[in-house]
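Chain by chain, the residues:
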Amino acid sequence: MRKLFVLCTAGMVMLPSVLAAETAPGDVVFGDLGAVEESLTGTAGNAEAGLEVATTRSLGNCLACHVAEGWAHMPLPGNIGPALTSVAHRYTEAELRGILINSKHMFEGTVMPSFYNVDDIIRPGDGYTGKAATSVEPLLSAQQIEDLLALLQTFDEPEEE
Amino acid sequence: MTLRAKMAAGLAMATALVFAGSAQAEPNIDPNPDVTELVINGEIPITIRAPAPDHLDGALPEIYSGWLYRDASTREMEMDDFENPAMPFVDAGIEAWNAVDGSEGKSCADCHGAIEEGMAGVRAVMPKVNEAGALWSMEDYINDCRVNRMGAEAYDWDKQPMKNITAAIAAQSRGMPVNVAIDGAAAPYWEQGREMYYTRYGKLQLSCASCHQENNNNFIRGDHLSQGQINGFPVYRLKQSALVTIHNRFYGCVRDTQAESFAKGGDELRALELYVASRGNGLSVEGPSVRP
């Protein structure tokens, strides 16, 4: 089901759906290899906002596991996953979106978290507090996924030998 | 998906594998082959590498003390009790051992004798099943003596008096091989702990194995991931300037998967403690150790 984001003012009926429609985590359509063709929001991502998401611990925290030229200014990136510096050459836009939403479709059993997913979460916590979550939200919002996608599409350095 | 797209994705994955190889350190190998030995105070040899116990069934090729993953200055602190910042707490624990407390007018030493004799080897086999068939950690045995044999108040699991005495008791077994029982009455607890070890908790969906088995020797942000062994506990963490208990460490590692964590001193973490201890059977007791 598609969720319509409508501006609701008291007494007002629904506005026409010219406003952005957002795909809920459970409604994402994955291709055979885990690619997702359709934008989650219909609004193009912003690479700068994506960098903020990638390098903030409470958000994407991608640098905990990945080296990338794009965040070389940040200290001590991890190396659990591959370097992302040239990742735009390796995957199509739809594949990258699929990896960001739920990479377990493409990489079975991977330790990479599923960033836009609410299924099969055991003992969901309220962030990093150790306390139980009151509701299970995806790790990132739909627009944050699109922002990260815009960022990864700029990671197009030539592949190293 | 079209055949072309499938082939492209397949190719992308093949390339990814090649690059993964070059970008990532190699997990699950000796983190520090140049460091050949650990001898504390020039007299207590510590086994820092050991064959993986049979029950691991090849999941780890060899087991390593967390000490091996630390930088040279942190490693050195643990080699000399005068530099080990945990040692003042051991002294405080020994003082408590000898002090009378509670309505019965007794000290630990009154029944157990000198801590050096009375507690030698005890850390190496904890946690273990008690006479009533329940799995108990070191802290449970201590509180049982305090409450039921001394008429004293139980120590809080994660507070200083308990950490002092567990550090003092651990120190009496330094150099002895960890050897927890996993069969007989311990078996169901051990199974429960193993199940937990491989469960991917929290919104990040990570298990203990995701980090400490699949990725030991890799870096997560600035942290050099170890095998998550507990032979060095309690540990003195430089970052916290404090002694840290086994359950406190477990609590934090589960919390950091964005999960609802488990109570310190609860049955779940006791079972997990038994299982994790058993992954270190063969390493030396090393506590109290020093970690960043």
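Treat the numbers as computed from the prediction; the structure is a model and nothing was measured. Each chain carries its own residue numbering, running from 1 in the written order of its sequence. Written order decides the labels, with chains lettered from A and ligands numbered from 1. A pLDDT threshold of at least 70 governs which residues receive local features in this predicted model, and a stricter bar of 80 or more applies before side-chain atom pairs are shown or counted, although totals over entire chains, interfaces and linings include all residues. Here the side-chain values reflect all heavy atoms present in the structure, with hydrogen atoms and water set aside.

**Observations concerning the overall build of chain B**
To keep it simple, the criterion reads: Runs of E in the DSSP output that reach at least two residues are strands. Runs of H or I that reach at least four are helices, and both are numbered from the N terminus. Burial status follows relative accessibility: with a 1.4 Å probe on protein chains alone, a residue under 20% of its type maximum counts as buried, one over 50% as exposed, and anything between as partly exposed. For this analysis, residues touch if any pair of their heavy atoms sits within 4.5 Å. Method for areas: the Shrake-Rupley scheme with a 1.4 Å probe, in which residue coverage is limited to the protein chains shown. Charge counting follows a simple rule: Lys and Arg are positive, Asp and Glu are negative, and His as well as the terminal groups are ignored. Charge positions come from single atoms, namely NZ of Lys, CZ of Arg, CG of Asp or CD of Glu.
What chain B contains, in helices and strands, is 11 helices and 11 strands. For chain B, the spread of C-alpha atoms along the three principal axes comes to 80 × 40 × 35 Å. Buried positions account for 53% of the 292 residues belonging to chain B. Looking at chain B alone, contacts between residues at least 24 apart form 68% of all its contacts between residues at least 6 apart. Roughly 12,700 Å² of accessible area belongs to chain B as shown, and the carbon and sulfur atoms make up 53% of that amount. If the 25 positive side-chain charges of chain B are averaged to one point and the 39 negative ones to another, these points end up 9 Å apart.

**Quick look at the overall build of chain A**
On a plain count of helices and strands, chain A comes out with 4 helices and 2 strands. The proportion of buried residues among the 161 residues of chain A is 41%. Partitioning the intrachain contacts of chain A with sequence separation of at least 6 by distance along the chain shows that 52% fall at a separation of at least 24. Summed over all atoms, the accessible surface of chain A reaches about 8,400 Å², with 57% contributed by carbon and sulfur.

**Focus on the interface of chain B and chain A**
For clarity, the cut-off: Two parts placed together each lose some accessible area under a 1.4 Å probe, and the buried area is that loss summed for both. A carboxyl oxygen of Asp or Glu within 4 Å of a side-chain nitrogen of Lys or Arg is what we treat as a salt bridge. Here a polar contact means two N or O atoms within 3.5 Å. Within protein one must be a hydrogen donor candidate and the other an acceptor candidate, and residues neighboring in sequence count only if both atoms are side-chain atoms.
Between chain B and chain A, the contact holds 39 residues from the first and 46 residues from the second. Across the chain B to chain A interface the summed buried area is about 3,700 Å²; carbon plus sulfur atoms make up 57%. Counting every contact that joins chain B to chain A gives 1 salt bridge. Between R57 of chain A and D256 of chain B there is a salt bridge; the shortest N-O distance is 3.8 Å. Counting across the chain B and chain A interface gives 14 residue pairs in polar contact (both at pLDDT 80 or more). Elements supplying a minimum of two residues to the side of chain B that touches chain A: α1 (3–23), β7 (219–220) and α10 (246–255) of chain B.

**A look at the UniProt feature "domain: Cytochrome c" (unreviewed entry) in chain A**
Note the following rule: UniProt positions are given in the numbering used here, feature names are shortened, and annotations may be inferred rather than shown by experiment.
Listed under "domain: Cytochrome c" (unreviewed entry) in the UniProt record, and renumbered for this structure, are residues 45–156 of chain A. Between the C-alpha atoms that bound residues 45–156 of chain A there is a distance of 17 Å. The span itself is 31% helix and 0% strand.

**Quick look at the environment of V100 of chain B**
Residues and elements named next belong to chain B. Checked against the element boundaries, V100 lands in the loop between α3 (87–98) and α4 (108–112). The class of V100 is exposed, set by a relative accessible area of 56%. Residues V100 and G287 lie 187 residues apart in sequence; the distance between their C-alpha atoms is 26 Å. Among all residues touching V100, those that are not within four sequence positions of it are G105, K106 and S107.

**A look at helix α4 (residues 142–153) of chain A**
Residue and element names in this part refer to chain A. Going by this rule: For a helix, the expected span equals 1.5 Å multiplied by the number of residues minus one.
Between its first and last C-alpha, α4 extends 17 Å over 12 residues, near the 16 Å set by a 1.5 Å rise per residue. Of all 12 residues in α4, 9 are buried; the element is thus mostly enclosed. Along α4, the residues that are buried comprise A142, I145, E146, D147, L148, L149, A150, L151 and L152. In this structure, the buried side of α4 is in contact with β2 (21–23), α1 (47–55), α2 (87–90) and α3 (93–102).

**Topic: the environment of N218 of chain B**
With respect to the element layout, N218 of chain B can be found in the loop between α9 (208–212) and β7. Considering only alpha carbons, one finds N218 of chain B and L269 of chain B, 51 residues apart in sequence, at a separation of 26 Å.

**Quick notes on the sheet that holds strand β9 (residues 235–237) of chain B**
All names here are of chain B. We count it as follows: A pair of strands is treated as paired once DSSP finds two or more bridges between them. Each axis is a line fitted through C-alpha atoms, taken for helices only over the stretch in contact, and angles between the N-to-C directions span 0 to 180 degrees.
Reading across the sheet, the 3 strands line up as β10-β9-β11 and stay open at both edges, with mixed pairing between neighbours. Looking along the sheet, the strands with just one partner apiece sit at the ends: β10 (242–244) and β11 (289–291). Direction aside, neighbouring strands of the sheet carry axes that sit 40° apart on average. Sheet topology note: the β9/β11 ladder contains 3 bridges and is parallel. Residue pairing across strands places V235 opposite S289, the latter belonging to β11.

**Section: the pattern of salt bridges**
Evaluated as defined, the whole model comprises 17 salt bridges over all chains. Taken together, the salt bridges that share partners define one network made up of R57 of chain A together with R255 and D256 of chain B.

**Section: the packing of aromatic side chains**
Any two aromatic rings considered together are summarised by their centre-to-centre distance and by the angle between their planes. The test is simple: Centres within 6.5 Å make a pair out of two Phe, Tyr or Trp rings, where for Trp the six-membered ring is used; the pair is then stacked when the planes are under 30 degrees apart, edge-to-face when over 60, and tilted otherwise. Only lysine NZ and arginine CZ atoms are considered, and such an atom sits over a ring when it is within 6 Å of the ring centre and within 35 degrees of the ring normal.
Going through the model one piece at a time under the given rule, you end up with 7 aromatic pairs over all chains. Each ring, one from W136 of chain B and one from Y141 of chain B, has its centre 5.1 Å from the other, and the planes form 85°; the classification is edge-to-face. Taking relative accessible area as the criterion, W136 of chain B reaches 23% and is therefore assigned partly exposed. The ring of Y128 of chain A is capped by R57 of chain A, whose NZ or CZ atom sits 4.2 Å from the centre of that ring. Sitting over the face of the ring of F262 of chain B, R123 of chain A holds its NZ or CZ atom 3.8 Å from the ring centroid.

**Looking at the packing of helix α6 (residues 138–149) of chain B against helix α7 (residues 160–171) of chain B**
Relative placement of two packed helices is described by the angle separating their axes and the distance separating the axes. All names here are of chain B. As a reminder, the rule being used: Relative orientations are named as follows: roughly parallel for angles under 35 degrees, roughly antiparallel for angles over 145 degrees, roughly perpendicular for angles from 65 to 115 degrees, and oblique for any other angle. Handedness of each helix crossing follows the sense of rotation of the near helix against the far helix: counterclockwise by less than a right angle gives left-handed, clockwise gives right-handed. In the scheme used here, Gly and all other residues not listed as nonpolar or charged are polar, with Ala, Val, Leu, Ile, Met, Phe, Trp, Tyr, Cys and Pro taken as nonpolar and Asp, Glu, Lys and Arg as charged.
The N-to-C vectors of α6 and α7 enclose an angle of 110°; their axes lie 11 Å apart at closest approach. Taken together, the axes of α6 and α7 lie roughly perpendicular to each other. Crossing hand, α6 versus α7: right-handed. Facing α6, whose interface residues are M138, E139, I142 and N143, α7 presents M162, I165, T166 and I169. Looking at side-chain class alone, the contact of α6 with α7 contains 5 nonpolar, 2 polar and 1 charged residues.

**Topic: the UniProt feature "domain: Cytochrome c" (unreviewed entry) in chain B**
Residues and elements named next belong to chain B. In this structure's numbering, the residues bearing the UniProt feature "domain: Cytochrome c" (unreviewed entry) are residues 93–178 and 192–285. The annotated region residues 93–178 carries 45% helix and 5% strand content, and the separation between its end C-alpha atoms amounts to 22 Å. The span residues 192–285 shows a helical share of 36% and a strand share of 11%, and its end C-alpha atoms are spaced 24 Å apart.

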